[in-house]
Amino acid sequence: MKTMLNVALPKGRLGEKVYSMFEKAGFPCPSIKEVNRKLIFENEDAGVRYFWVKPSDVAIYVERGAADVGIAGKDILLEYEPDIYELLDLGIGKCRMAVAAPKGFRDDVRKTLRVATKFSNIAQNYYASLGRDIDIIHLNGSIEIAPILGLSDVIVDIVETGTTLKENNLEVVETVVPISARLIANKTGYKFKTAQIEKVTNCLKQQVECKND
Ligand code: PRP
């Protein structure tokens, strides 16, 4: 029996783009295009099994070996620091992690800065590198509301088009780090499935380079 490569794909538009890249890399799985609510698809002939998982969970599946490889945002990798190999920047799902605040905000360095975010670890590390005292307010979504209601002074969040900030009268103060989708691999899986993982990595790399030419 063929060794199957287990791939965790992030559910949604990004995941569909990623699947097409895997298909071109020689790992097709036609059943994935059927319209149904199944979450696992496999093509034994191509030696591949795909799972659709929540984007923020991809790194958990890969770190624990339920998936050999997966595609996760750099934001998730920086926030949770999973013990995995980061193999390739796919150059898609591009956005940035930024500090944002109500228009005209001025930082008063004599006061502890109140920072609302879903990315507490990234925010802690960022402000520690600046030597700035902060108080983290961890939220799970709709972060933009926090400074409007006076819950925080600033937010640390993902900015893609900037529309959410604009429509809530906020603006970017500083960029913390650029973000994009990364191919990641389980450390043990990499040892046992090196040939398949290298094949997929090299082929994805060619596709990324083609797009950049
Ligand atoms: C992210 C982020 C912002 C928004 C930014 O939320 O938290 O709210 O996208 O995008 P924009 O700059 O294009 O407006 P997402 O939709 O990923 O979900 P979330 O509310 O769970 O954070």
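Let me sum up the structure you'll find in this document. Everything numeric here is computed off the predicted structure, so don't read it as measured data.

1. Describing helix 1 (residues 13–24)
Phase 1: The end-to-end C-alpha separation of helix 1 is 17 Å, in line with the 16 Å expected for 12 residues at 1.5 Å each.
Phase 2: Of all the residues in helix 1, the buried ones are Gly15, Val18, Tyr19, Met21 and Phe22. Viewed along the axis of helix 1, the buried residues span an arc of 160°, placing them on a single side of the element. Facing away from the buried surface of helix 1 by more than 90 degrees, the exposed residues are Arg13 and Lys24.
Phase 3: Residues of helix 1 that are buried sit in contact with strand 1 (5–10), strand 3 (48–53), strand 4 (69–73), strand 11 (181–185) and helix 8 (194–212).
Phase 4: The first or second residue beyond helix 1 is Gly26, which carries a positive phi of 95°.

2. Description of the site of the ligand
Phase 1: Near the ligand you find Lys118, Glu144, Asp157, Ile158, Val159, Glu160, Thr161, Gly162, Thr163 and Thr164, and these make up its full shell.
Phase 2: Within the side chain of Glu144, a nitrogen or oxygen atom sits 2.7 Å from an oxygen atom of the ligand.
Phase 3: At 2.8 Å from an oxygen atom of the ligand is found a side-chain nitrogen or oxygen belonging to Asp157.
Phase 4: Protein contact buries 61% of the 500 Å² of open area that the ligand shows by itself.
Phase 5: Of the residues belonging to the shell around the ligand, the class tally is two nonpolar, four polar and four charged.

3. Overview of the sheet that holds strand 1
Phase 1: Strands sit in the order 2-3-1-4-11-5 across an open sheet of six strands; the sheet is mixed. Each of the sheet's edge strands pairs with one partner strand only, and the pair in question is strand 2 (40–43) and strand 5 (85–89). For this sheet, the mean inter-axis angle between neighbouring strands, taken without regard to orientation, is 25°.
Phase 2: Bridge count between strand 4 and strand 11: five bridges; the pairing is antiparallel.

Reading guide: rules and limits
- Residues numbered from 1 in each chain as written.
- Predicted model: local features only at pLDDT ≥ 70, side-chain atom pairs only at ≥ 80, totals over all residues.
- Heavy atoms only, no water.
- Helix = DSSP H or I, 4+ residues; strand = E, 2+ residues; numbered from the N terminus.
- Expected span 1.5 Å × (residues − 1).
- Buried < 20%, exposed > 50% of the residue type's maximum accessible area, 1.4 Å probe, protein only.
- Arc of directions from axis to C-beta.
- Contact = heavy atoms within 4.5 Å.
- Near = heavy atom within 4 Å.
- Polar contact = N/O pair within 3.5 Å; in protein donor to acceptor, adjacent residues only side chain to side chain.
- Areas by Shrake-Rupley, 256 points an atom, 1.4 Å probe, with all protein chains shown as cover.
- Nonpolar A, V, L, I, M, F, W, Y, C, P; charged D, E, K, R; others polar.
- Pairing = 2+ DSSP bridges.
- Axes fitted to C-alpha atoms, helices over the stretch in contact; angles between N-to-C directions.

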